Amino acid sequence: MTDHILIERPETAPYVQVIRFNRPEKKNAFTRAMYQTMTDALRAANEASDIRVTVFLGSEGCFSAGNDMADFLAFAMSGTMGREVLDFLGALATAKKPVVSGVDGLAIGIGATIHLHCDLTIASDRSLFKTPFVDLALVPEAASSLIAPRLMGHQRAFALLALGEGFSAAEAKDAGLIWKVTTPEALEAETLSLAATLATKPPEALRIARDLMRGSTEDVLARIDEEARHFAAQLKSAEARAAFEAFMKR
Ligand code: COA
């Protein structure tokens, strides 16, 4: 458990579980403990009859700056990645109930690719989606190398995942990464209201509809593993270590 992740049950949104990132002083960068807590919450939702929808929310002006850079550096030094990230990605890709996300501000690295696994995402008009994997001498993760080209076409996916181009909320919507754009002030209320509406739907019909639309997760899980093998190898490279050290020394 870590208090950098808050698990909330909003009174205004019955049957909704909120996973809220609560590390604003580090731009909600995800540590191993945060991944573990999120995995536990996703797995709990699969079994809990009083949870029908899970929502990811960040803090004001920042969804998440992605994986914690100090953890990246520690992985690079130790040569092992830890299982928390992969457990989280597996739990996210195989979540049995709808997942909604609300983004206000920065959505970097896994803070951007997480939405490829969400069913509905609303973002404020000041949001920025960016994945500087290659600039950090890393490779795309979360099966983004599979899902993003399918979703938005090779060129846009390449601009996002390889060029490291930042996408505005409008561009992310145009690319199909998110569903809707709103104001920062309205973001949280709209996201919770959307989740609450989903939670009023007949759960079994919703489950079947979602499963039909998502199809098999086999290729997604295989790609998560394939990417992870390259990611782990790159983490140990001199070029990646230099990039993490440069960030830490800023
Ligand atoms: N891991 C660890 N700490 C992070 C972080 C990350 N991914 N992103 C930001 N932080 C920390 C900063 O080190 C800083 O900590 P400090 O106050 O103790 O020095 C704090 O969060 C605020 O960040 P700062 O860089 O000062 O804010 P900013 O508004 O100028 O820039 C970002 C915000 C997100 C653009 C910038 O911090 C950044 O590029 N972060 C790295 C993002 C990244 O590459 N993630 C990995 C993707 S694969």
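An unreviewed UniProt entry lists the protein chain under the name Crotonase/enoyl-CoA hydratase family protein, with Rhizobium jaguaris as the source organism. Per its UniProt entry, the protein chain bears the Subcellular location (unreviewed entry) comment "Peroxisome". According to the UniProt record, the Sequence similarities (unreviewed entry) comment for the protein chain reads "Belongs to the enoyl-CoA hydratase/isomerase family."

*Asks:* I would appreciate a short explanation of empty space enclosed by the protein in the present structure.
*Replies:* Gaps left between atoms are located by rolling a probe of water-molecule size over the structure's atoms. Applying the stated rule across the entire model yields 1 cavity of 30 Å³ or more. Around the largest cavity, the lining residues are Leu42, Ala45, Asn46, Thr54, Ala95, Lys96, Lys97, Pro98 and Val99. For the lining of the largest cavity, the leading source of residues is helix α1 (residues 32-47), giving 3 residues.

*Asks:* When you look at the sheet that holds strand β3 (residues 53-57) in this model, what are you seeing that I'm missing?
*Replies:* Hydrogen bonds along the backbone pair up the strands of a sheet, which may run parallel or antiparallel. Read across the sheet, 6 strands follow the order β1-β2-β3-β5-β7-β10 without closing on themselves; strand pairing throughout is mixed. Strands at the two margins of the open sheet, each flanked by one partner only, are β1 (5-8) and β10 (180-182). Averaged over all adjacent pairs, the angle separating strand axes in this sheet is 20°, with direction ignored. Judged from the 4 bridges that link them, β3 and strand β5 (residues 99-103) form a sheet pairing that is parallel. Looking at the pairing, Thr54 lines up with Val99 of β5.

Here is what the cut-offs are and how they apply
Residues numbered from 1 in each chain as written. Predicted model: local features only at pLDDT ≥ 70, side-chain atom pairs only at ≥ 80, totals over all residues. Heavy atoms only, no water. UniProt positions renumbered as here; feature names shortened; annotations may be inferred. 1 Å grid on protein atoms, 1.4 Å probe; cavity = no way out; pocket = protein on both sides within 12 Å on 5 of 7 lines; lining within 4 Å. Points joined across faces, edges and corners; volume = space filled by probe spheres on them. Helix = DSSP H or I, 4+ residues; strand = E, 2+ residues; numbered from the N terminus. Pairing = 2+ DSSP bridges. Axes fitted to C-alpha atoms, helices over the stretch in contact; angles between N-to-C directions.

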